[in-house]
Amino acid sequence: MKKEKVLIFDTTLRDGEQAAPASLSVDQKLRVARQLARLNVDIIEAGFPISSPGDFESVSTIAREIKDGPVICGLARLVEKDIVACAKAVKPAQRPRVHTFIGTSAIHTEKKLRKSEDEVLSMIIDSVKLARRLCPDVEFSAEDAGRTDGDYLCRVVEAAIRAGASTVNIPDTVGYTPPEQFGAIIDMLFNRVPNIDRAVISVHCHNDLGMSVANSLTAVAHGARQVECTVNGIGERAGNAALEEIVMALKLRGDFFKADTNINTREITRTSRLVSEICSMPVQPNKAIVGSNAFAHSSGIHQDGVLKARNTYEIMTPQSVGLKNNHMNLTSRSGSHILKTRLAELGYAESDYDMLSVYEKFKALADKKGTVYDDDLVTLMESEAGHEVIDTYTLDYLSVACGRGVAPVAMAKITVDGKTVQSAAYGDGPVHAATNAIDQIVGYKIKVDNLYIAAITEGREAQANVKVSASSAEGSFVGRGVSTDIVEASALAYMDIVNKIARMKKFKRKVPKVVND
Ligand code: KIV
Ligand code: ZN
């Protein structure tokens, strides 16, 4: 079946960055842009050059540095100085684009712009012509198109194309239009705008009612050939349509949409993680495609089904989005099938243990703990076999000096096999210094993925409960520590991980691959 190409216009660095808690540096934006080029997006909207000198520099740096790949685009209001600055910022790009916009709904023209429809129309014509003189590729957006009067929107689109816009974008700026109505707007434009075939029709949907992806896909089904979206769906207010969801929907259901994209989907996970980290915006665990649970199975029935045939509960492979594997959460809902499989991966042959007894203990542990990790299974199996399971390392002493103008330094004493070993180390902060001192003693290579600190009692003397997630060659671990001192609680959580690694090294018979990373 012939599938038409839908261009992916990524606006993570413009609409997405608008919503990030802190603005990104030029270097951070360049890192994201490089990864977007690897992902093979068609257009990168790199920023809004007139908005600040930093944004101008980011757009021009990206335009200069990202070669042989996407179109580099900047945003501009329908104002001469915006358009001139934008054209200048994108000029170094091999394929530059100026994206200019104005509100076209009555709410925007009357209340925000305080202009008549005809005044706005002539601004569109003059500004698109100016942009066209400065840049060969011009996109025009009718902001708030979702709430714009149909007759007026047709006049706007026709005028923008006649003035030289080769892409016309129809945003649902406030995420207000349901998919059927949005599809009807796209149909109306294709039926009523005489020169519509001279431009690519694009859509840009916000997620205020959770309809951004549905609206974007509906628009594609009705003939839109560019979708504006962001990685992880970040963006103004409730965000924009999520790139990864649109791309995977088109990849999986190309039969329905008769469309496809140029995206290298195996770069999706890497891109999502980079954007999440750089923008300091964590991804919710149940987020489609890129959430940590997107390829994790918890129910015993599902786990059994996936072990028998993956496609019982997986509509796409984890590998297709760049993950190594799926993940089975071992919980009280897990059945003996997955437990047996996991134990085999850890090197325990079924003939070596009594499944009934192990399964019973596993259930009791899962009821108490929630999720059972590999190191918990190893401990369970070793005590089942009568081996003594004790901590290899004990933190006896920790002192940390830190403060304003002081490089944090920590001194730790740890007992290992009856002997006390001590070490001192600097770090970027007190917790970093403490874990560096511990690392020097134990000699493990540990990557801390997350550290959460929560108060478990109230008031100034509150107990801190620290949870650290970390990984090493032995697997992924979660460690916990409690103290009134948050540095000590963090160090204890880290020691918990150190001891779990030691146990895995001692008892595990075969190193399993870390999954779902
Ligand atoms: O949401 C919107 O309408 C926009 C435009 C500038 C395209 O971000
Ligand atoms: Zn937007």
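Everything numeric here is computed off the predicted structure, so don't read it as measured data.

K.L.:
Any chance you could explain the overall build of the protein here in plain terms?
P.N.:
Broken down by element type, the protein carries 18 helices and 18 strands. Across its three principal directions, the C-alpha atoms of the protein cover 85 × 60 × 45 Å. Long-range pairs, those at least 24 residues apart, make up 66% of the contacts in the protein with a sequence separation of at least 6. Summing over all exposed atoms, the protein offers an accessible surface of approximately 23700 Å²; the carbon and sulfur share of this is 50%. Each charge class in the protein was averaged separately, 63 positive and 65 negative side chains, and the resulting centres sit 3 Å apart.

K.L.:
Honestly, the domain arrangement of the protein in this entry has me stumped. Any pointers?
P.N.:
If you check the domain split of the protein, you get domain 1 (4–279), domain 2 (296–379) and domain 3 (393–509). On a C-alpha basis, the centres of domain 1 and domain 3 stand 46 Å from each other.

K.L.:
It is not clear to me how helix H4 (residues 80–90) should be interpreted in this structure. Could you clarify?
P.N.:
Note: α-helices contain 3.6 residues per turn, so residues at a spacing of three or four share the same orientation. Taken residue by residue, H4 has Asp 82, Ile 83, Ala 85, Cys 86, Ala 87, Ala 89 and Val 90 as its buried positions. Along its buried surface, H4 packs onto helix H3 (53–65), strand E4 (71–77), strand E5 (96–103) and helix H6 (117–134).

K.L.:
Could you clarify how one ought to interpret the sheet that holds strand E15 (residues 419–426) in this entry?
P.N.:
The pairing of strands in a sheet comes from backbone hydrogen bonds and takes either a parallel or an antiparallel form. If you walk across this open sheet you meet the 3 strands as E13-E14-E15, and the pairing is antiparallel. Both edges of this open sheet fall to strand E13 (393–403) and E15, since each of them pairs with a single strand only. Averaged over all pairs of adjacent strands, the angle between their axes in this sheet comes to 10 degrees, without regard to strand direction. Where E13 and strand E14 (residues 406–416) come together, 9 bridges link them in antiparallel fashion. By the bridge assignment, Tyr 397 is partnered in E14 with Lys 413. Sheet contacts for helix H18 (residues 486–507): E13 and E14; angle to E13, the most-contacted strand, approximately 145 degrees.

K.L.:
Before we go on, may I ask you to explain the packing of H6 against helix H7 (residues 150–163) in this structure?
P.N.:
Helix-helix packing is characterised by the crossing angle of the two axes and by the distance between the axes. Where H6 meets H7, the closest approach of the two axes is 8 Å, and the angle between their N-to-C directions is 25 degrees. Of the possible angle classes, the one that applies to H6 and H7 is roughly parallel. Seen along the crossing, H6 lies across H7 with a hand that is right-handed. Contacts between H6 and H7 involve Glu 117, Asp 118, Val 120, Leu 121, Ile 124, Ile 125, Val 128, Lys 129 and Arg 132 from the former and Tyr 152, Arg 155, Val 156, Ala 159, Ala 160 and Ala 163 from the latter. Residues of the contact of H6 with H7, tallied by class, amount to 10 nonpolar, no polar and 5 charged.

K.L.:
What should I look at first to understand the pairing of strand E2 (residues 7–10) in this one?
P.N.:
The two faces of the sheet receive side chains in turn, since in a regular strand these alternate between them. When E2 meets strand E9 (residues 226–229), the two strands line up parallel, connected through 4 bridges. Among the inter-strand pairings, Phe 9 is bridged to a residue of E9, identified as Glu 228. Pairing between E2 and strand E3 (residues 43–47): 2 bridges, direction parallel. Opposite Phe 9, over in E3, you have Ile 43 as the bridge partner.

K.L.:
How do you make sense of the environment of Asn 450 when you look at a structure like this?
P.N.:
Within the fold, Asn 450 resides in strand E16 (residues 447–455). If we skip the residues at most four places from it in the chain, Asn 450 touches Lys 467, Val 468 and Ser 469.

K.L.:
How do you make sense of the environment of Gly 418 when you look at a structure like this?
P.N.:
Its location among the elements puts Gly 418 in the loop between E14 and E15. A sequence separation of 26 residues divides Gly 418 from Thr 392, and the C-alpha atoms of the two residues are 9.3 Å apart.

K.L.:
I would appreciate a short explanation of the nonpolar core in the present structure.
P.N.:
Note on soluble globular proteins: their nonpolar side chains tend to be buried together. Counting 91 residues, the largest nonpolar core has Phe 140, Val 168, Ile 170 and Leu 189 as its most contacted members. With 9 residues, the top contributor of residues to this core is H7. Domain assignment of the residues forming this core places at least three in each of domain 1 (4–279) and domain 2 (296–379). Here Leu 189 is in contact with Leu 153, Cys 154, Val 157, Ile 170 and Ile 196, once residues within four sequence places are set aside.

K.L.:
Please clarify how the side chain of Thr 100 should be interpreted in this entry.
P.N.:
Within the secondary structure layout, Thr 100 lies in strand E5. Taking the relative accessible area as the measure of exposure, Thr 100 reaches 0% and is therefore buried. Reaching out from Thr 100, the side chain makes a polar contact with the backbone oxygen of Arg 77 at a distance of 3.3 Å. Ignoring any residue separated from it by four or fewer positions in sequence, one finds Thr 100 in contact with Ala 76, Arg 77, Leu 78, Ile 83, Val 128, Val 138, Glu 139, Phe 140 and Ser 141.

K.L.:
Would you explain the site of ligand 1 in this entry?
P.N.:
Close to ligand 1 lie Arg 14, Asp 15, His 99, Phe 101, Ser 141, Glu 143, Asn 169, Pro 171, Thr 173, His 204 and His 206. In the model, an oxygen atom of ligand 1 is placed 3.0 Å from a nitrogen or oxygen of the Arg 14 side chain. Contact between ligand 1 and His 204: an oxygen atom at 3.1 Å from a side-chain N or O atom of the residue. Relative to its unbound accessible surface of 260 Å², ligand 1 loses 93% to contact with the protein. For the shell around ligand 1, the secondary-structure elements that each account for two or more residues are helix H1 (12–18), E5, strand E6 (138–143) and strand E7 (167–172). Of the residues assigned to the shell around ligand 1, the class counts are 2 nonpolar, 6 polar and 3 charged.

K.L.:
How should I be thinking about the environment of Gly 322 in this particular structure?
P.N.:
By secondary structure assignment, the location of Gly 322 is in the loop between helix H13 (300–308) and strand E12 (327–328). Taking the C-alpha atoms as reference points, Gly 322 and Thr 394, 72 residues apart in sequence, are found 39 Å from one another. Ignoring any residue separated from it by four or fewer positions in sequence, one finds Gly 322 in contact with Thr 265, Arg 266 and Thr 269.

K.L.:
Would you mind showing me how to read the pattern of salt bridges here?
P.N.:
Working definition: two side chains of opposite charge can pair if their charged atoms are close together. Here the structure, examined in full by the defined rule, presents 31 salt bridges. When the shortest N-O distance is used, the salt bridge between Glu 17 and Lys 29 registers 3.7 Å. Separated by 12 residues along the polypeptide, Glu 17 in helix H1 and Lys 29 in helix H2 (residues 26–39) bring together distant segments of the chain. Across this residue pair, the class does not change: Glu 17 and Lys 29 are buried. Residues Glu 350 and Lys 340 are paired through a salt bridge, measuring 4.0 Å at the closest nitrogen-oxygen approach. Note that Glu 350 is positioned in the loop between helix H14 (336–345) and helix H15 (355–369) and Lys 340 in helix H14, a separation of 10 residues in sequence. For Glu 350, a relative accessible area of 44% puts it in the partly exposed group. Put simply, Arg 14, Asp 15 and Glu 45 are held in one network by salt bridges that share partners.

About the cut-offs
- Residues numbered from 1 in each chain as written.
- Chains lettered and ligands numbered in written order.
- Predicted model: local features only at pLDDT ≥ 70, side-chain atom pairs only at ≥ 80, totals over all residues.
- Heavy atoms only, no water.
- Helix = DSSP H or I, 4+ residues; strand = E, 2+ residues; numbered from the N terminus.
- Contact = heavy atoms within 4.5 Å.
- Areas by Shrake-Rupley, 256 points an atom, 1.4 Å probe, with all protein chains shown as cover.
- Lys, Arg positive; Asp, Glu negative; His and termini not counted.
- Charge placed at Lys NZ, Arg CZ, Asp CG, Glu CD.
- Domains from an automatic or database assignment.
- Buried < 20%, exposed > 50% of the residue type's maximum accessible area, 1.4 Å probe, protein only.
- Pairing = 2+ DSSP bridges.
- Axes fitted to C-alpha atoms, helices over the stretch in contact; angles between N-to-C directions.
- Parallel < 35°, antiparallel > 145°, perpendicular 65-115°, else oblique.
- Left-handed = near helix turned anticlockwise from the far one by under 90°.
- Nonpolar A, V, L, I, M, F, W, Y, C, P; charged D, E, K, R; others polar.
- Core = buried A, V, L, I, M, F, W, Y, C linked by side-chain atoms within 4.5 Å.
- Polar contact = N/O pair within 3.5 Å; in protein donor to acceptor, adjacent residues only side chain to side chain.
- Near = heavy atom within 4 Å.
- Salt bridge = Lys/Arg side-chain N within 4 Å of Asp/Glu carboxyl O.

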